[in-house]
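Coordinates in review
The residues making up each chain are set out below.
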Amino acid sequence: MQRLHARYPFLEAARESVATEAVDLATVVEQDQAVVDRARQRVITALEEGEVGDSHREARVELLSYPVARVLVSLVGERVLVRKYARGEAAAAYNRFTADMADTTELKSVETTGLELEDLLAEFDLRDDVREATDGDGYRIDVGTYLPLAEDLWEDEWRLVNRSLDAGEVPVDAEELLALLREAIRSRIEDGLPFEVPDTIATALEDDAAEIREVVADLELTQDIDTVVPDLFPPCMKALLDQIQKGEHLAHHSRFAITAFLTSIGMTTDQIVDLYRVNSSFGEEMTRYQTDHIRGDSSPTEYSPPSCATMQSYGDCVNKDDLCERIPHPMAYYEQRIDDADDDEIEDWREGTDGEDSAASGD
């Protein structure tokens, strides 16, 4: 197994290498703990640090840990994990191939471990879609190729309206082209995840998958969410919101859970305070103080909503549905519901004139 394949396991040649070796994944996960440990590290480090950690010194372990990591991601089966894992793998690949391309050392080993720009363009069938600019200043990429590669890049400069479009081509500089290739890698890694895992492999990796679920549950999963659609709330948060709007008293832990959830999905302190006004025991000063404290405005900590396990221990886990059975955190539930929803289902109630009524009714 080549070191190049271990360094870049998303390559088609790497997959073919594993297939050629006739590797039995069930045997690997049962008998090769080093591979399983590295696979688990790949996933957890991607979640916590946005990369996949240091490569294993043995090329075989490093390469085989990649398909096992994909199995672990599939066993957990959460959209947020799929995205963060794919981004972590793509970020690691990006750092490696940019380092390769910056290496001008002429004397290299016979077995190369590096990738050049032409290699990556060929890997993703982009050689005909990307051309050097005629003036030698950067590159030009066909707009039909540019759009899907740039769709998950959120900065304004990637929007087509902010680019110079000429004869169906988008100009990009060298650094931007490499960022688009990183997105091609991320898309390939994310494609097909999660998938069905055979029972024998799932059983062997049960403890490792459980450890990853715990990490997911403990993570702050709210940074990219700024959408308030009560219809898509997890059942526990729908129930707590309903109690607020009926003026019912909430226990401290319940009040903390729903307030932390609402701050995490983008609601302001003023909006949350307004929701509580219907409660007979409402006190604006205390409600505002508690909300700012949970938000981190008046405390050193920005609090995340409790995990499903914590919600269950306090008796706040109610009306569970099928998705709840596969999700360890209310924020992961909400993110997946948003991801799965059609555009016309995602109407942020704050954009209407009757936001409070919409939130109260779930309409």
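So, here is what we can say about the structure in this document. (Residues numbered from 1 in each chain as written. Predicted model: local features only at pLDDT ≥ 70, side-chain atom pairs only at ≥ 80, totals over all residues. Heavy atoms only, no water.)

1. Focus on the pairing of strand E2 (residues 139-142)
- In terms of strand pairing, strand E1 (residues 130-132) meets E2 through three bridges, oriented antiparallel. Its bridge partner lying in E2, Arg131 is registered against Arg140. (Pairing = 2+ DSSP bridges. Helix = DSSP H or I, 4+ residues; strand = E, 2+ residues; numbered from the N terminus.)

2. Looking at the packing of aromatic side chains
- Within this structure, the stated rule accounts for seven aromatic pairs.
- Centroid distance Tyr94 to Phe97: 5.5 Å. Interplanar angle 80°. Geometry classified as edge-to-face. Residue Tyr94 and its partner Phe97 are located together in helix H6 (residues 79-102), separated by three residues, close to a single helical turn.
- Taking 5.0 Å as the distance between ring centres and 80° as the angle between the ring planes, the aromatic pair formed by Phe233 and Phe261 counts as edge-to-face. On the criterion of sequence distance, the pair formed by Phe233 in the loop between helix H11 (206-218) and helix H12 (235-245) and Phe261 in helix H13 (residues 252-264) is long-range, its members being 28 residues apart.
- You can call Phe233 buried: its relative accessible area is 1%.
- Aromatic ring contacts, followed pair by pair, group Tyr8, Phe10 and Phe124 into a single cluster.
- In this structure, Arg182 is placed above the aromatic ring of Tyr94, and the distance from its NZ or CZ to the ring centre is 5.2 Å. (Phe/Tyr/Trp six-rings, centres within 6.5 Å; stacked < 30°, edge-to-face > 60°. Buried < 20%, exposed > 50% of the residue type's maximum accessible area, 1.4 Å probe, protein only. Lys NZ or Arg CZ within 6 Å of the ring centre and 35° of its normal.)

3. Thoughts on the packing of H13 against helix H15 (residues 284-295)
- Across the interface, H13 lies against H15 with an axial gap of 10 Å and an inter-helix angle of 65°. Note on packing geometry: the crossing formed by H13 with H15 is right-handed. In contact with Arg255, Phe256, Thr259, Ala260 and Thr263 of H13, H15 contributes Thr287, Gln290, Thr291, Ile294 and Arg295.
- Partitioned by chemical class, the residues of the contact of H13 with H15 number three nonpolar, five polar and two charged. (Axes fitted to C-alpha atoms, helices over the stretch in contact; angles between N-to-C directions. Left-handed = near helix turned anticlockwise from the far one by under 90°. Contact = heavy atoms within 4.5 Å. Nonpolar A, V, L, I, M, F, W, Y, C, P; charged D, E, K, R; others polar.)

4. Observations regarding the side chain of Glu123
- Note that Glu123 resides in helix H7 (residues 117-123).
- By relative accessible area, Glu123 is classed as buried at 19%.
- One polar contact links Glu123 to Arg188, side chain to side chain, over a distance of 2.5 Å.
- Ignoring any residue separated from it by four or fewer positions in sequence, one finds Glu123 in contact with Phe10, Leu11, Glu12 and Arg188. (Polar contact = N/O pair within 3.5 Å; in protein donor to acceptor, adjacent residues only side chain to side chain.)

5. Section: the sheet that holds strand E3 (residues 169-172)
- Pairing is antiparallel across the open sheet formed by three strands, whose spatial order is E1-E2-E3. A strand with exactly one partner marks an edge of an open sheet, and here the two such strands are E1 and E3. Recorded for the sheet is a direction-independent mean angle of 30° between the axes of neighbouring strands.
- Inspection of the sheet shows E2 paired to E3 by four bridges, in the antiparallel sense. Bridge pairing in E3 links Asp142 to Glu169.
- Strands in contact with helix H8 (residues 143-150) are E2 and E3; relative to E2, the strand with the most contacts, it is inclined by about 90°.
- The strands that helix H9 (residues 174-190) touches are E1, E2 and E3; relative to E3, the one it contacts most, it runs at about 110°.

6. With respect to the pattern of salt bridges
- Counted according to the given criterion, the structure contains 25 salt bridges.
- Here Asp32 and Arg60 are joined by a salt bridge, their closest N and O atoms 2.7 Å apart. Placement of Asp32 in the loop between helix H3 (25-31) and helix H4 (33-49) and of Arg60 in helix H5 (residues 59-76) is noted, with a sequence separation of 28 residues between them.
- Among the residues examined, Asp32 registers a relative accessible area of 17% and is labelled buried.
- Among the residues examined, Arg60 registers a relative accessible area of 39% and is labelled partly exposed.
- Its salt-bridge partner being Glu183, residue Arg186 comes within 2.9 Å of it at the nearest N-O pair. Residue Arg186 and its partner Glu183 are both found in helix H9; the two are separated by three residues, about one turn of the helix. (Salt bridge = Lys/Arg side-chain N within 4 Å of Asp/Glu carboxyl O.)

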